[in-house]
Amino acid sequence: ANGPVTLWARDPAHADEMRKTRENARRLPGITLPDAIGIATDFDTVSPGLPVLLAVPMQQLRGMAETHAAALQDHPLVACCKGIELKTGQGPTAILSSVLPGAHSAILTGPSFAADIARGLPTALTLACADPDMGETLQEALSTPALRLYRTTDTVGAELGGALKNVIAIAAGAVMGAGLGDSARAALMTRGYAEMTRLAVAMGARPETLAGLSGFGDLVLTCTGAQSRNYRFGHALGAGADFDPTITVEGAATARAALSRAHEAGVDLPITAAVVALLDGSVSVLQVMDRLLSRPLKEE
Ligand SMILES: NC(=O)C1=CN([C@@H]2O[C@H](COP(=O)(O)OP(=O)(O)OC[C@H]3O[C@@H](n4cnc5c(N)ncnc54)[C@H](O)[C@@H]3O)[C@@H](O)[C@H]2O)C=CC1
Ligand SMILES: O=C(CO)COP(=O)(O)O
């Protein structure tokens, strides 16, 4: 809507197909790419200074940034991924700073299914950037009449909200897949939100960021929206059904990464620990629920 925009793809055959059909049939079927979107396989065709949005899975962000470091360093960088890197415990903006020292980076996160945004449906997101001036510039450049961006300088809070809600969404899906009911899901979402806030605040986040779009907002969407891959993956786990292993499910690696960060910080994450146990296959959903329900009674 604010074009022109260049869509970069690493696979030349896929880029050619999208140029011919004006559709990304593999990732976004049924949406015609607007004329203002050009398709490139060469990063160098993007004019220096224009923001680059990095929409790759979390565990691939470092490798992608390293491969294209020379081309990326002249651009403001906006990470669109949600998660914590398994091998370092870092979030997207810390990864970009470590690969590209001196790079200006931000994170775009919040409740949004790509297919909804592509259809022009109303959506509100969080743009987090430590540099307030750059945050304001990006907020204006990326907002459209249907896509409303709120800004914050709390990158830690925005990143952790987006990362941790995926873990809780797996748990919510598992509860529903196992037939434990809407009330159980509501309990899990609420205690999950407490857990997300506990870890994020221990990592330096502001609690009000977690209460915003990037935390609470995205938790609600992902734990209730059938489009969510994390929710659907959890649902399959709970129902004992198969799930296509090629689908990106960010919460799986992030659950493990969050748990090790929580251990270091001395923070208790019972739901995240339960998700990791489920992923390991060491317990069933019913055993996990029994464990959670039999914890000592305490104040809310
Ligand atoms: N799909 C959605 O509705 C939303 C996705 N996100 C986040 O965006 C991130 C990406 O998700 P999706 O685009 O949905 O995943 P996806 O799996 O559908 O697509 C990821 C794309 O990245 C490419 N890719 C993977 N590794 C790469 C590498 N090393 N170098 C270059 N390209 C690489 C893949 O070929 C693919 O085109 C995730 O962290 C997700 O949580 C955030 C909000 C909404
Ligand atoms: O982050 C998302 C919605 O805000 C997309 O969720 P999934 O990755 O679970 O599909």
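These figures come from a predicted structure and were not determined experimentally. (Residues numbered from 1 in each chain as written. Chains lettered and ligands numbered in written order. Predicted model: local features only at pLDDT ≥ 70, side-chain atom pairs only at ≥ 80, totals over all residues.)

Caption draft 1: Quick peek at the overall build of the protein. When helices and strands are tallied, the protein shows 14 helices and seven strands. Judged by the C-alpha coordinates and their principal axes, the protein covers about 60 × 40 × 35 Å. A burial count over the protein gives 38% of its 300 residues as buried. In the protein, once contacts between residues fewer than 6 apart in sequence are set aside, the share between residues at least 24 apart is 69%. (Helix = DSSP H or I, 4+ residues; strand = E, 2+ residues; numbered from the N terminus. Buried ≥ 20, exposed ≤ 12 C-beta atoms within 10 Å, placed from the backbone. Contact = placed C-beta atoms within 7 Å.)

Caption draft 2: Summary view of the site of ligand 1. As a matter of local geometry, ligand 1 sits amid 18 residues, with Q60, C81, K82, A114 and T248 nearest to it. Taken together, the residues of the shell around ligand 1 sort by class into nine nonpolar, five polar and four charged. (Near = placed C-beta within 6 Å. Nonpolar A, V, L, I, M, F, W, Y, C, P; charged D, E, K, R; others polar.)

Caption draft 3: Representation of the sheet that holds strand β3 (residues 52-54). Read across the open sheet, the five strands follow the order β3-β4-β5-β6-β7; overall the sheet is mixed. Of all the strands in the sheet, the pair left with one neighbour each is β3 and β7 (147-152). The mean inter-strand angle of the sheet, taken between neighbouring strand axes irrespective of direction, is 30°. Note: strand β5 (residues 105-109) against strand β6 (residues 123-129), four bridges, orientation antiparallel. When the bridges of β6 are listed, T109 appears paired with T126. Each of β4 (77-79) and β5 is contacted by helix α4 (residues 92-99), which is oriented at about 155° to β5, the strand it contacts most. This element, helix α10 (residues 213-224), spans β5, β6 and β7 of the sheet and lies at about 145° to β6. (Pairing = 2+ DSSP bridges. Axes fitted to C-alpha atoms, helices over the stretch in contact; angles between N-to-C directions.)

Caption draft 4: Representation of the confidence of the model for the protein. Of all residues in the protein, 100% have pLDDT values of 70 or greater, and the mean over the chain is 95. In the model output, the complex is listed with pTM 0.97 alongside ipTM 0.98. (pLDDT = per-residue confidence, 0-100.)

Caption draft 5: Inspection of the site of ligand 2 at higher detail. Residues in contact with ligand 2 amount to 13 residues; listed here are only the nearest, P111, D218, S228, R229 and N230. The dominant element in the shell around ligand 2, judged by the number of residues it contributes, is α10, at three residues. The class makeup of the residues in the shell around ligand 2 is four nonpolar, five polar and four charged. Counting only domains with at least three residues in the shell around ligand 2, you end up with domain 1 (5-153) and domain 2 (156-293). (Domains from an automatic or database assignment.)

Caption draft 6: Structural view of the domain arrangement of the protein. Domain assignment breaks the protein into domain 1 (5-153) and domain 2 (156-293). Spacing between the C-alpha centres of domain 1 and domain 2 amounts to 24 Å. Each side of the interface is counted separately: domain 1 has 24 residues, and domain 2 has 25 residues. The set of elements that each furnish at least two residues to the side of domain 1 that touches domain 2 consists of α4, β5, β6 and β7. Element by element, the count of residues in the side of domain 1 that touches domain 2 is highest for β6, at four residues. In the side of domain 1 that touches domain 2, the residues fall into 13 nonpolar, nine polar and two charged.

Caption draft 7: Representation of the nonpolar core within the structure. Judged by nonpolar contacts, the single largest core of 41 residues is most densely connected at I168, A171 and A172. Secondary structure elements with two or more residues in this core: α7 (155-177), α8 (182-202), α10, α11 (229-239), α12 (250-265), α13 (270-280) and α14 (285-293). With 13 residues, α7 is the single largest residue contributor to this core. A171 has contacts with L188, G192, G234, I271, A274 and V275, leaving out every residue within four places of it along the chain. Listed in part, the 23 residues of the second largest apolar core include I95, L96, I107 and L213. (Core = buried A, V, L, I, M, F, W, Y, C linked by C-beta atoms within 7 Å.)

Caption draft 8: Structural view of the pairing of strand β2 (residues 37-40). In the sheet, strand β1 (residues 5-8) pairs with β2 via four bridges, with the strands oriented parallel. Paired with V5 across the bridge in β2 is I37. Regarding the hand of the β-α-β motif, the stretch spanning β1, helix α1 (residues 12-21) and β2 is right-handed. (Right-handed = clockwise from strand over helix to strand, strands pointing away.)

Caption draft 9: Quick look at the environment of A103. Structurally, the position occupied by A103 is in the loop between α4 and β5. Remark: the alpha-carbon pair of A103 and Q73, spanning 30 residues in sequence, is separated by 6.0 Å.

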